[in-house]
Amino acid sequence: MKKLFAVRAHSVKGDFGLFLLRIVAGLAFMFHGWPKIRNPFGWMGPDADMPGFLQALAAVAEFGGGLAWILGLLMPLASFGIACTMAVATHLHAIRLGDPFVNPSGGSYELAAVYLAMAIMFLLMGPGRYSADRKLFGGGRR
């Protein structure tokens, strides 16, 4: 378990950049997830074709994952949950709804794709030295 959550060392500047990205993206996810976590099994509405337990997983991934990103806590788990949620959101908008990548006046999958890329980046890079994972599970040398 410790090996899974151990933090890889980067430059001080790189770790500070990861810290800033974690804070901003984590706050955004908490704000996106707050209305969903208040109605976890039905936030998509009564006509949704997504089962309630999958809606609840998405709500927890967004709100809980956002909090975990802010703290830098259990980052592989949080990032995996967010990546899965954003992969589904990207698929929903790009394939099922046929939305364009960027659309200033309507639906698009731009934001979901950016968040998916961030989650994958955190899976590959880790949270950096300014994180709870580093404090709890240690870190390696560059």
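Note: the structure precedes this text.
If you're wondering where the values come from, they're calculated on a predicted model, not measured in any experiment. (Residues numbered from 1 in each chain as written. Predicted model: local features only at pLDDT ≥ 70, side-chain atom pairs only at ≥ 80, totals over all residues. Heavy atoms only, no water.)

## What to know about a nonpolar patch on the surface
Going by this rule: Like charges are joined within 9 Å and nonpolar side chains (Val, Leu, Ile, Met, Phe, Trp, Tyr) within 5 Å, but only among residues with over 30% relative accessible area and no salt bridge; these make up the patches. In short, Shrake-Rupley with a 1.4 Å probe defines the accessible areas, and a residue's cover is counted only from the protein chains shown. We define a salt bridge as a contact between a side-chain nitrogen of Lys or Arg and a carboxyl oxygen of Asp or Glu at a distance within 4 Å. A run of DSSP states H or I qualifies as a helix once it reaches four residues; a run of E qualifies as a strand once it reaches two. Both are numbered from the N-terminal end.
Together, Phe80, Ile120, Leu123, Leu124 and Met125 make up a nonpolar patch on the protein surface, roughly 460 Å² of accessible area in all. With respect to the secondary-structure elements, Met125 resides in helix α5 (residues 110–125).

## Digging into the pattern of salt bridges
Applicable threshold: Each residue gets one of three labels from its accessible area relative to the maximum for its type: buried under 20%, exposed over 50%, partly exposed in between, using a 1.4 Å probe on protein chains only.
Counted by the stated rule, this structure contains 3 salt bridges. Note that Asp15 and Arg129 form a salt bridge whose closest N and O atoms lie 2.6 Å from each other. A residue pair is termed long-range when its members are at least 10 positions apart, and Asp15 in helix α2 (residues 12–38) and Arg129 in the loop between α5 and α6 (132–137) qualify at 114 residues. Given the relative accessible area of 26%, Arg129 is considered partly exposed. The salt bridge involving Glu62 is made with Lys36; its shortest N-O contact spans 2.9 Å.

## Looking at the layout of surface pockets
Note the following rule: Cavity and pocket criteria rest on a 1 Å grid covering protein atoms alone: a 1.4 Å probe that fits but cannot get out defines a cavity, protein on both sides within 12 Å along at least 5 of 7 lines defines an open pocket, and an atom within 4 Å of a point defines a lining residue. Grid points are joined across faces, edges and corners, and a volume is the space filled by probe spheres set on the points. Residue type decides the class: Asp, Glu, Lys and Arg count as charged, Ala, Val, Leu, Ile, Met, Phe, Trp, Tyr, Cys and Pro as nonpolar, and the leftover types, Gly among them, as polar.
Its boundaries defined by the atoms lining it, the largest pocket holds a volume of some 830 Å³. If you go around the largest pocket, you meet 37 residues; those closest to its centre are Ala58, Glu62, Cys84, Thr85 and Met86. Of all the secondary-structure elements, those providing two or more residues to the lining of the largest pocket are α2, α3 (52–71), α4 (75–96) and α5. Top contributing element to the lining of the largest pocket by residue count: α4, with 13 residues. For the lining of the largest pocket, a count of residues per class yields 24 nonpolar, 9 polar and 4 charged.

## Points about the nonpolar core
Condition: Nonpolar cores were defined as sets of buried Ala, Val, Leu, Ile, Met, Phe, Trp, Tyr and Cys residues, with membership established by side-chain atoms within 4.5 Å. Throughout, a contact is declared for two residues whenever any of their heavy atoms are within 4.5 Å.
Within the largest apolar cluster, 17 residues are counted, with the highest numbers of intra-cluster contacts made by Phe29, Trp69, Ile82, Met86 and Tyr115. Of all elements in the fold, only α2, α3, α4 and α5 reach the threshold of two or more residues within this core. Considering every element that reaches this core, the biggest residue donor is α5, with 6 residues. Not counting residues within four places of it along the chain, the set of residues in contact with Tyr115 comprises Ala28, Phe29, His32 and Met86.

## Describing α3
Here is the rule: Any helix carries an expected span of 1.5 Å times its number of residues minus one. Think of it this way: the bend at a residue is just the angle between two axes, each fitted to seven residues, one set ending at that residue and the other starting at it.
Between its terminal C-alpha atoms α3 stretches 28 Å, which fits the 28 Å expected from 20 residues at 1.5 Å a residue. Considering bend angle alone, the principal kink of α3 is centred on Gly65 and spans about 25 degrees. Within the sequence span of α3, burial applies to Gln55, Ala56, Ala58, Ala59, Ala61, Glu62, Gly65, Gly66, Ala68, Trp69 and Ile70. Looking at the buried positions of α3, the neighbouring elements they touch are α2, α4 and α5. Once α3 finishes, Gly72 follows within two positions and takes phi at roughly 70 degrees, a positive value.

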